[in-house]
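Examination of the molecular architecture
Spelled out from the first residue to the last, the chains are:
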Amino acid sequence: MATQLLLRATRARVAAAPAIRAAVPRATPARAIARRFASSESHHQSQKSSSDGSNALWAIASALFFVPAFLAITKPPEKYYAHRSEAVGPAPAHAALAPEVEDKEEETVEETEKAVVVPDRFQYVLIGGGTASYSAMLGIQEVDPTAEILIIAGERYGPYQRPPLSKELWFSEDPEVTSHLQFTNWEGKQTSLFYQDANEYEQVDAADLHPTGSGVKLVTGHRAVALDVDAQTVTLDNGTTVPYGKVLLATGGTPRTLADQKALPEAAQKRVVTYRSVDDFKKLAAVAAQGKHVAVIGGGFLGSELSVALAKKTKVTQVFPEDGNMALVFPRYLARWTTQQVQKEGVAVLSKSKVTALKYDAESDQIVIETNGVQHKFDHVVVAVGIEPNVELARQAGLEIDPVRGGIVVNAELEARRNVFCAGDNVSFHDVALGRRRVEHYDAAVLGGRWAGRSMAGKPKAFTHQSMFWSDLGPKIGYEAMGILDSSLVTVGVWGQQPAADVPAAPAAAAEGEDKAAVPAAPAKPKDDFKKGVVFYVRDDTIVGCLMFNIHGKVDVARRVLLGKHKPAEANELPSSSTSLRKLWAREDAERVRQESKELKA
């Protein structure tokens, strides 16, 4: 019976032999195996003394049986041929199929090995949830679009912009503004306080952080408390250790407080607050909605903006020790005029009033502010006296801290140590035109963060941007500025809309302590005349700052003035059409080039 089955299989294979020969070339491993098998059999036969014919038949039958069996086993599945025919068309008769299968298997193994590789650290870690951190994310993605980025935000929100907290949000007529945090920007468009929706980040748990190699991940409500620059790790306040490839310190600043503030009873401390965050805005908006009398301590940028904004909602009194609003920035005459405008917006101003005591009156349930021996009672107090840069994380890690300006010292590429970068309010950097500086302005955070991000991603370049800042104090005062604005410097003011008889032979006043023979006296100005003009700030006979009062769209011109190191004499002659500085200032903006964009794309 077995013999009959063998003969039937043999006949079938012999009939199929032409097809096998067509499909299997001489060079195939199958043919080589068949030959080797037959040769060995012949050699074996020659060694035998017996000439048994059945052995020869057995060898032939074995070859005819095992060769097809080998081909059947090694034949790829039918879908392989279908895939090949779709991709490259019919294969030629001499195609070697076995090697292609081997190559395919090798590629699959390589892809599998790549797929299972898990990084042991996050490629980029950004500490901070503000503008500098978000801008760094964009800078990294410009160079490395598929990078894995972890953002660690101390607040319970993702990255957002701070300027609208004291500006646009307060002028919204929408009663739900504290919920959706939408405002109308200067272009008249509805804009969110947040740079992007929370669902555009991969929200991750601070207790279970694992790098995956891609995506932007966000941790909220946790702060970094330790940095090990040698081990390249960050430790969070919950004890989680985060290994990094490169890290950005964009930790911003913390509002300063008054000496008596912490000594107040706990109930009173909740009504004497600082102002910097989204939650601060929500709480203060609720207080204003109740019609409470609010005192704002501070006459600088934030104190003045917030006072004007609150006056639209409730009763507000602004308290500061200087002569007028913005007195540490504006020349004296302009600070006093600005205070008049702030008062017209409904703000009660207590200038030249230094706070000497802060108390709680339990009987009236009010906060008592004592200035110049006089007590003033308020329902709520906002302390807006500046910020201190957050450098404790850097100090603990052994990074250099600027003893004068208080920021983290960085090089031209905004790097403090190898693989440690910094951007924002906490950075002490070298300004190519003005020397070492620390700047607390939005534009510096935007460009500084983006610059740092690109440096982190392998495109380092010296930070040379001259950042600007702006402010609005009601409908009549809006200004943009650049450089060093310090009222202790000599200032040169050039004002428009002025009668010809009042045009001074030489402009603006010298600051206190300056040599009045070297700088002409201040001109007598008509009442309410400081509506539009430019103030130049001078140091070492060179213009180092420009204040554009109710003049907009000239930031790039101001930037060129600073970089050109112009002399104040050119500003003195600004009314003359022949001076180069006047021509520069009046030049149409058609040829303007956005320096920051040009430098970043270079």
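Structure report, in brief. Once a new chain begins, its residue numbering starts again from 1 and follows that chain's sequence as written. pLDDT decides what is reported in this predicted model: residues at 70 or higher carry local features, side-chain atom pairs at 80 or more are listed and counted, and totals for whole chains, interfaces and linings draw on all residues regardless. Side-chain metrics in this entry use all non-hydrogen atoms of the structure; hydrogen atoms and water are not considered.

Some thoughts on the pairing of strand 9 (residues 241–249)
Worth spelling out the cut-off: Throughout this description, buried means an accessible area under 20% of the type-specific maximum (1.4 Å probe, protein chains only), exposed means over 50%, and partly exposed covers the range between. Strands are runs of DSSP state E lasting at least 2 residues, helices are runs of H or I lasting at least 4, and numbering of each runs from the N terminus. A pair of strands is considered paired only if DSSP assigns at least 2 bridges between the two.
Here strand 9 lies mainly inside the structure; seven of its nine residues are buried. Direction of pairing for strand 1 (residues 122–127) relative to strand 9: parallel, over a ladder of five bridges. Pairing of Tyr 124 across the sheet is with Lys 246, part of strand 9. Pairing analysis gives three bridges linking strand 8 (residues 233–236) to strand 9, with the strands arranged antiparallel. Looking at strand 9, one finds that Val 234 is bridged to Val 242. Taking the residues that link successive antiparallel strands as the turn, the strand 8-strand 9 hairpin has four residues, and the phi of Gly 239 there is positive, at about 95°. When strand 9 meets strand 22 (residues 420–422), the two strands line up parallel, connected through three bridges. Residue pairing in the sheet places Leu 248 in a bridge with Phe 421 of strand 22.

With respect to the nonpolar core
In plain terms, the rule: In this text, buried Ala, Val, Leu, Ile, Met, Phe, Trp, Tyr and Cys residues form a nonpolar core when linked through side-chain atoms within 4.5 Å. Contacts are assigned to residue pairs with any non-hydrogen atoms lying within 4.5 Å of each other.
Ranked by size, the top nonpolar core spans 57 residues in total, and within it Leu 227 and Leu 249 carry the most contacts. The greatest single-element share of this core, amounting to six residues, is contributed by helix 14 (residues 442–456). Other than its neighbours up to four places away in sequence, Leu 249 contacts Ile 127, Leu 227, Leu 393, Ala 394, Leu 399, Ile 408, Val 420, Phe 421, Cys 422, Ala 423 and Asn 426. Counting residues in hydrophobic clusters, the runner-up holds 53 residues, among them Trp 170, Leu 193, Val 329 and Leu 547.

Some points on the sheet that holds strand 20 (residues 408–409)
Pairing in this open sheet of three strands is mixed, and the strands run 20-23-24 from one edge to the other. Looking at the sheet topology across the chains shown, the edges are occupied by strand 20 and strand 24 (435–437).

Thoughts on the pairing of strand 17 (residues 374–378)
Bridge count between strand 16 (residues 366–371) and strand 17: five bridges; the pairing is antiparallel. Bridging across to strand 17, Ile 369 finds its partner in His 376. Turn length for the strand 16-strand 17 hairpin, with the two strands adjacent in sequence and antiparallel, is two residues, and the turn residue Asn 372 shows positive phi of about 55°.

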